[in-house]
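# Coordinates in review
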Amino acid sequence: MHLRLLYLCTLVVSALVIVGACNRQAPPLVAVGTVDWPMHGLNHEEHRFSPLRDINEETVERLGLVWNRELGTTRGLEATPLIIDGVIFTTSSWSVVHAIEAKTGEFLWTYDPGVDRARARVLCCDAVNRGVAYDRGRIFVGALDGRLIALDAETGTPIWEVATFDPARGYSITGAPRIAGDLVVIGNGGAEMGVRGYVSAYRAQSGDLAWRTYVVPGDPSLGFESAAMEKAAQTWSGQWWLGGGGGTAWDSMVYDPALQLVYVGTGNGAPWYRSLRSPGGGDNLYLSSILALRAADGEQVWHFQTTPGDHWDFTATQPLMLADLMIAGSLRKVIMQAPKNGFFYVLDRETGAFISAEAFASITWATGVDPDSGRPIESPGAYAGMDPVLVSPDPTGAHSWYPMAYSPDTALVYLPVRDKTTFLHRPNPEWQPNDTHRNDGIDTRYDGPLLEQWLTAPLPTGRLVAWDPVAQGARWTVDHPVLESGGVLATAGNLVFQGRADGMFIAYRATDGATLWEFDAGTGIMAAPVTYRVDGVQYVTVMAGWGGGMGLINPPVLGPVKSGFGRILTFAIDAAATLEVPAFGHGGPPVPAMKTDAPAETIREGQALYDSHCFGCHGVAAIAGPLPDLRYTTPEVHAQFEAIVLDGLRAPLGMPAFGDILSPVQARAIQAYILSRAEASSAPGAVHD
């Protein structure tokens, strides 16, 4: 079947799914031989619920591996694959696009956009990409360096590309584009690098810019782009625009074709702390908000702010989901979100009116939500101006970007949850706006009384929660042995599929959470699985590759995670392929390359510099995850240390140069700290992995 003809067929399948969702009935078994996964969340509602049920609670125990393919990376894999006419379209690190034959795993084509690996310096959370969009024979990908690229779906040949931002700024793209009619909509990230967020829409056929909508106001002396920006400026103070403002729309977007609205989740402020970016206070619209934009021109129709005056990196960029729910006797068109701040929101998607919100995790930053306005009731101890505070959840949130799923069969949302996390927020009184390195405003040198309390806090817990969005409560929960778990897929087979950071890929019974099947993928899983049918056979496919922000930082609270070589795996009933996982990492403690004679104060200075510039890739206390562990650095590499760190000797491999912000003396201090960590880790009984 030609891809353009298939596009029409997938609309019919999507319509069947929509009807089933509206009637709250299990959709009929789809009898056609091929059923695709044509959109990021399967349909416009992004339910991630498949009507297929050949793989079900009775047959899933026979599920086996059909094939797996390594993708040549140890960085994180976060993409939701699309399946069009038996072809898998997915992305790996550095925005590389792959087309793979779904039945056999044969690579049909690979497109590498050639992103400069030195761009790793401006990335918040790994060189990841969450997938592509498809429309009328074209694949669309947002590259890390800001290019939106249209590819021929059959050959991978570029058709057009356009720069969505100035590559000299600290922006990035990690999210998947969305199709809205004849438009391709894309956002961007980079709030930690001092940028101003916006959303852009381009003509799918030509690549021409149709509209651009900013999230936060810029310099008032230059005028406002819209009435919404003029209104927002009244909620800011000081010279916020010098720090960028933030509000980047780095992930979730949903399009409602009936209402002709594009819904966008927006991010945190730049810098994080309201006392730095807006010293006179204010809600700082439209940070941490859900925006409804008119698809025709990008004009804001309504907004709802989940975290007014955000101070804790509580983005609202987490997945958005549309549904029609019976609430208080009326069928309501709603939009649902479980953002970082820990409350599950249900809003009227036509008007933005607040319907309900309840906490789905343990939180300390707020005591609840006002039942009339939906405004969170901030706890007295959650904000103390420039003084540090200990707050739950942490900046990764009670729920991060990991996709959730909604089953119309059970009327439940299946939600990956990070519970009981805490973070010590300490604004840096010496912060100055910059766009050359992290601009979050954290004081990495703080060693006051809250530090010990933070370091000895109870360990957090990862969970899969089945959430009733009408009753606003958990129907069942499953506790994980690791903090991080991946995206979710629900099916008409009464199944919920999810991977975890320890590499386990699991099928649960949707009605009660019972574990029915599991498979060790060999490396941690963050991405959401998909399911589809080709030539009468139902398959399940998932990307396995541990990394992302938490994976690179590698804090000890994560639990027994598995770093390794990223791969894509495909399963079917009665398949029996074997998975051989190559060894990864080190088999024992490091052997220090040399002893450092640096004084203790130099090592402390090196640690502070490491925490400011290095730990986001090489791990907390220099204990790395997927990327090189610097404690194992050889004498030969140590001899090149300044050339690597200051001059970019290894920039083509993803290690950028820092010579513009670090001096040779500072580079040697970092080296001294790394050597001290190697020596400490080599001691008997020390933690070295």
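Quick caveat: nothing in here was measured; it's all calculated off a predicted structure.

Once that is clear, we can look at empty space enclosed by the protein. Empty pockets left among the atoms are what a rolling probe the size of a water molecule brings to light. A full pass over the atoms with the stated rule returns three cavities of 30 Å³ or more. By volume, the largest cavity is sized at about 120 Å³. Considering the residues around the largest cavity, the lining is formed by 15 residues, among which H40, E46, R48, P319 and P403 are closest to the centre. Split by residue class, the lining of the largest cavity holds six nonpolar, three polar and six charged. Quantified by volume, the second largest cavity comes out at close to 40 Å³. Along its surface, the second largest cavity is lined by 13 residues, and G175, G187, A249, W250 and D251 are the ones closest to its centre. Residue composition of the lining of the second largest cavity, grouped by class: six nonpolar, six polar and one charged.

Take the pattern of salt bridges next. Under the criterion given, the structure shown has 37 salt bridges. The partner of D145 in a salt bridge is R147, and the shortest N-O contact between them spans 2.9 Å. Note on accessibility: D145 and R147 belong to one class, buried. A salt bridge links R463 to D479; the shortest N-O distance between them is 2.6 Å. Of the two residues, R463 sits in strand 31 (residues 461-468) while D479 sits in strand 32 (residues 473-479), which places them 16 residues apart along the sequence.

Ranked by size, the top nonpolar core spans 58 residues in total, and within it F89, F497, W517, L569 and F571 carry the most contacts. A total of five residues in this core trace back to one element, the largest contributor, which is strand 38 (residues 537-544). In contact with F571, not counting residues within four places along its chain, are L63, G64, L65, V66, F505, W517, F519, Q538, Y539, V540 and V542. Counting residues in each nonpolar core, the second largest holds 25 residues, with V185, V199, W211 and Y255 among its members.

Turning our attention to the state of the cysteines. Overall, the coordinates contain one disulfide when judged by the stated rule. Each sulfur of the disulfide joining C124 and C125 lies 2.1 Å from the other. A residue is classified by how much of its surface remains accessible, and C124, at 32% relative accessible area, is partly exposed. Here C614 is not cross-linked by a disulfide; its sulfur's nearest cysteine counterpart is in C617, at 8.8 Å.

Another point: the packing of aromatic side chains. The final tally for this structure, using the stated rule, is 31 aromatic pairs. Ring geometry for F89 against W109: centres 6.1 Å apart, planes inclined by 45°, an arrangement best described as tilted. Here W109 lies in strand 6 (residues 107-111) and F89 lies in strand 4 (residues 87-91), a separation of 20 residues in the sequence. The residues F89 and W109 share a single accessibility class, namely buried. Arranged with centres 6.3 Å apart and planes meeting at 65°, the rings of W272 and F423 form a pair that is edge-to-face. Placement of W272 in the loop between strand 18 (269-270) and helix 3 (274-277) and of F423 in strand 30 (residues 423-425) is noted, with a sequence separation of 151 residues between them.

With 14 residues, helix 6 (residues 600-613) should reach 20 Å at 1.5 Å per residue; the first-to-last C-alpha distance of 20 Å fits that figure. Inspection of helix 6 places I603, G606, A608, L609, Y610 and H613 among the buried residues, and these make up the whole buried set. Elements in contact with the buried residues of helix 6: helix 7 (615-618) and helix 10 (664-681).

This part covers the confidence of the model for the protein chain. Taken over all residues, the pLDDT of the protein chain has a mean of 92, while the share at 70 or more is 95%. In the predicted structure, residues 1-31 sits below a pLDDT of 50 and forms 56 contacts with residues beyond four places in sequence or in another chain.

With that out of the way, let us pick up the sheet that holds strand 24 (residues 354-359). If you walk across this open sheet you meet the four strands as 21-22-23-24, and the pairing is antiparallel. This sheet does not close on itself; its edge strands, each paired only once, are strand 21 (320-327) and strand 24. Shown here is a sheet whose adjacent strand axes are inclined to one another by a mean of 25°, direction ignored. Pairing of strand 23 (residues 343-348) with strand 24 involves five bridges; the strand directions are antiparallel. Residue pairing in the sheet places L347 in a bridge with F354 of strand 24.

The next subject is the side chain of R130. On the secondary structure map, R130 appears in the loop between strand 6 and strand 7 (133-135). Residue R130 is classed as buried on the basis of its relative accessible area, which comes to 6%. Contacts of R130, omitting those with residues within four sequence positions, involve H40, E78, A79, T80, T91, T174, G175, A176, W250, D251 and W401.

Cut-off values and rules
Residues numbered from 1 in each chain as written. Predicted model: local features only at pLDDT ≥ 70, side-chain atom pairs only at ≥ 80, totals over all residues. Heavy atoms only, no water. 1 Å grid on protein atoms, 1.4 Å probe; cavity = no way out; pocket = protein on both sides within 12 Å on 5 of 7 lines; lining within 4 Å. Points joined across faces, edges and corners; volume = space filled by probe spheres on them. Nonpolar A, V, L, I, M, F, W, Y, C, P; charged D, E, K, R; others polar. Salt bridge = Lys/Arg side-chain N within 4 Å of Asp/Glu carboxyl O. Buried < 20%, exposed > 50% of the residue type's maximum accessible area, 1.4 Å probe, protein only. Helix = DSSP H or I, 4+ residues; strand = E, 2+ residues; numbered from the N terminus. Core = buried A, V, L, I, M, F, W, Y, C linked by side-chain atoms within 4.5 Å. Contact = heavy atoms within 4.5 Å. Disulfide = S-S within 2.5 Å. Phe/Tyr/Trp six-rings, centres within 6.5 Å; stacked < 30°, edge-to-face > 60°. Expected span 1.5 Å × (residues − 1). pLDDT = per-residue confidence, 0-100. Pairing = 2+ DSSP bridges. Axes fitted to C-alpha atoms, helices over the stretch in contact; angles between N-to-C directions.

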